[in-house]
Amino acid sequence: MPSLKLALICGGTGAEHIGSIESALWLLSQLRPDHQLGFFYQYPDGRLAEAAELPALFETWAVHPYIKAWIDPAGAEHCRAVFRQAIHWTGPAWTALTSGSWDLIWPAFHGRGGEDGSFQGFCEFLGFPYAGCGIAASVIGIDKIKTKAILQVSGLPVLPQVIIEDWELGSVDTIAAIKEHIILLPATTMPDLEALKAIHPLLTERIQESEARFNYPVFVKPASLGSSLGVAKAGDRRSLAVALAQALILDRRALVEPQCNWPEYGIGLCGLDEPQVSLVVGYTLNPDFYDYEAKFGAEAQEDAIPARLDSAQTRELQDLARSAWQALGLEGCARVDCFWENGQIAINEVNTMPGFGAHSVYAQAFNQAGLPPSSLLDQIMAAGLERHRRRNQFSISFKDRL
């Protein structure tokens, strides 16, 4: 991998804004020192920070409780020094980003507004190579419902689900009102189906379908939010109804899944056609579920790398991750999370831009497999460059062009 002129961009308009910053700072500290770096930050309102704003922002991030891109003073100072070198671009930020003659752009976004295919499309429109998955895989991977549909028709195991969409209930204001009506039902007894039908019959149908297919507790998930944001565990009819309404305030679609009591594992992949696969990670779950606080908060626990599995079990999970990679058209980097116990297996979700940093298991699992961070990042960037090269080989000349 030659030295690259690399633009690193983070932040974004999505809910995983802070995780994106941590990933970018960790990437900044781990990239080879001969790469020429430009650092860009997008505020939650969509504005791109100007170069003069970045030093103060860095110092704010350095003391944020969820941003642990460095864990010791020496690491913090190293990251600070690299950061100072990386922001030396002039002119308006958008001009610098879009006309900077970058060899590669690394969108360190997580979730909506960057990991969901939107920024990938922006890069392809401007003709920039970029790191990570392409447009189609990013659009599919951000959507749990679409991901599961493709995995299922590819013959890969997933958990069953019940789906509900916002248009079936009405506008966001209507759904918020439905939620309030449910909350105001008498708390002394569990609401019966007739009481729920009076509030909204379609919502009641979905609850009946869920109860017919699954036992409580169940999990309600917005279709397109990551890091367990918006996920709720429902142990009864009332909490299920409230959770469905809340999920549809956050997203256009929501799904209900049964609780799976099998241990959860994560497998990292990087490359292009035949991906390299990391060690299997065994997630440490809290007594309820692996929510945002359990992943990133002060009480976050260390996950097991490698997972406590024998070689045959490890290969089974790694092979499943490779199959998901091929089925979804993943590229560059991804992490596949799945449930497994005694030969029973189900893919839970796919992350098309895994988190990096002190919280992240993705780079740790590769590092312990013998691929250090700088080499891992070079492989991801090499995949982005090769995808761009192949795309530019396609013929775009037609005799009958209008």
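First things first, this report covers the structure right here in the doc. (Residues numbered from 1 in each chain as written. Predicted model: local features only at pLDDT ≥ 70, side-chain atom pairs only at ≥ 80, totals over all residues. Heavy atoms only, no water.)

What the protein contains, in helices and strands, is 15 helices and 11 strands. Taken against the 2.2 N^0.38 rule, which gives 21 Å for 402 residues, the C-alpha radius of gyration of the protein at 22 Å falls within 12% of a compact globule. Within the protein, buried positions represent 55% of all 402 residues. Here the protein displays about 17,700 Å² of accessible surface, and carbon together with sulfur accounts for 55% of that area. For the protein, the distance from the average site of its 31 positive side-chain charges to the average site of its 46 negative ones is 4 Å. (Helix = DSSP H or I, 4+ residues; strand = E, 2+ residues; numbered from the N terminus. Rg over C-alpha atoms; globule rule 2.2 N^0.38 Å. Buried < 20%, exposed > 50% of the residue type's maximum accessible area, 1.4 Å probe, protein only. Areas by Shrake-Rupley, 256 points an atom, 1.4 Å probe, with all protein chains shown as cover. Lys, Arg positive; Asp, Glu negative; His and termini not counted. Charge placed at Lys NZ, Arg CZ, Asp CG, Glu CD.)

What follows concerns the pairing of strand E8 (residues 264-271). Walk down a regular strand and you will see the side chains alternate between the two sheet faces. Across the eight residues that make up E8, a large majority, eight, are buried. Sheet analysis places E8 next to strand E10 (residues 332-341), joined by eight bridges and oriented antiparallel. Residue pairing in the sheet places Leu269 in a bridge with Ala334 of E10. Where E8 and strand E9 (residues 276-282) come together, five bridges link them in antiparallel fashion. If you follow Leu269 over to E9, its bridge partner there is Val277. (Pairing = 2+ DSSP bridges.)

Each strand in a sheet pairs with its neighbour through backbone hydrogen bonds, running either in the same direction (parallel) or in the opposite one (antiparallel). What the four strands build is an open sheet, ordered E4-E7-E5-E6; its pairing is antiparallel. Both outer strands of the open sheet, strand E4 (162-165) and strand E6 (232-234), are each paired with one neighbouring strand and no more. With strand direction ignored, the average angle separating the axes of adjacent strands in the sheet is 25°. Summarising the sheet, strand E5 (residues 218-222) and strand E7 (residues 253-258) pair through five bridges and their orientation is antiparallel. Residue pairing for E7: Pro222 is matched across the bridge by Ala254. Across the sheet, helix H7 (residues 144-153) is in contact with E4, E5 and E7; its angle to E7 comes to roughly 55°. Across the sheet, helix H11 (residues 237-250) lies against E4, E5, E6 and E7, angled at about 15° from E5, the strand it touches most. (Axes fitted to C-alpha atoms, helices over the stretch in contact; angles between N-to-C directions. Contact = heavy atoms within 4.5 Å.)

Moving on: the nonpolar core. In this structure, Phe39, Tyr41, Trp61, Trp106, Phe356 and Ile380 are the most contacted members of the largest nonpolar core, which totals 58 residues. In this structure Phe356 touches Glu22, Ser23, Trp26, Leu27, Trp106, Tyr362, Ala363, Leu377 and Ile380, once residues within four positions along its chain are discounted. Within the second largest apolar cluster, 27 residues are counted, among which are Cys133, Ala137, Leu269 and Ala334. (Core = buried A, V, L, I, M, F, W, Y, C linked by side-chain atoms within 4.5 Å.)

Let us now look at the packing of helix H1 (residues 17-30) against helix H15 (residues 373-391). Look at H1 against H15: their axes get within 9 Å of each other, and the N-to-C directions meet at 105°. In terms of axis orientation, H1 runs roughly perpendicular to H15. Between H1 and H15, the contacting residues are Trp26, Leu27 and Gln30 on the first element and Pro373, Ser374 and Leu377 on the second. Class assignment for the residues of the contact of H1 with H15 results in four nonpolar, two polar and no charged. (Parallel < 35°, antiparallel > 145°, perpendicular 65-115°, else oblique. Nonpolar A, V, L, I, M, F, W, Y, C, P; charged D, E, K, R; others polar.)

Enumeration over the complete set of coordinates arrives at 14 aromatic pairs. Ring centres 5.6 Å apart and planes at 15° place the aromatic pair Trp26 and Phe356 in the stacked group. With Trp26 in helix H1 and Phe356 in the loop between strand E11 (344-351) and helix H14 (362-367), this pair connects stretches of sequence that are 330 residues apart. You can call Trp26 buried: its relative accessible area is 9%. Relative accessible area serves as the criterion here: at 3%, Phe356 is assigned to the buried category. Through a chain of ring-to-ring contacts, the aromatic side chains of Phe39, Tyr41, Tyr43, Phe58, Trp61 and Phe83 assemble into a single cluster. The cationic tip of Lys5 hangs over the ring face of Trp102; the distance from NZ or CZ to the ring centre is 5.1 Å. (Phe/Tyr/Trp six-rings, centres within 6.5 Å; stacked < 30°, edge-to-face > 60°. Lys NZ or Arg CZ within 6 Å of the ring centre and 35° of its normal.)

The subject of this paragraph is the pairing of strand E2 (residues 36-42). Burial of E2 is extensive: six of the seven residues sit out of reach of the surface. As paired strands, strand E1 (residues 5-11) and E2 are joined by seven bridges and run parallel to one another. Residue pairing in the sheet places Cys10 in a bridge with Tyr41 of E2. Between the parallel pair E1 and E2, the chain is carried across by H1, and the sense of this crossover is right-handed. (Right-handed = clockwise from strand over helix to strand, strands pointing away.)

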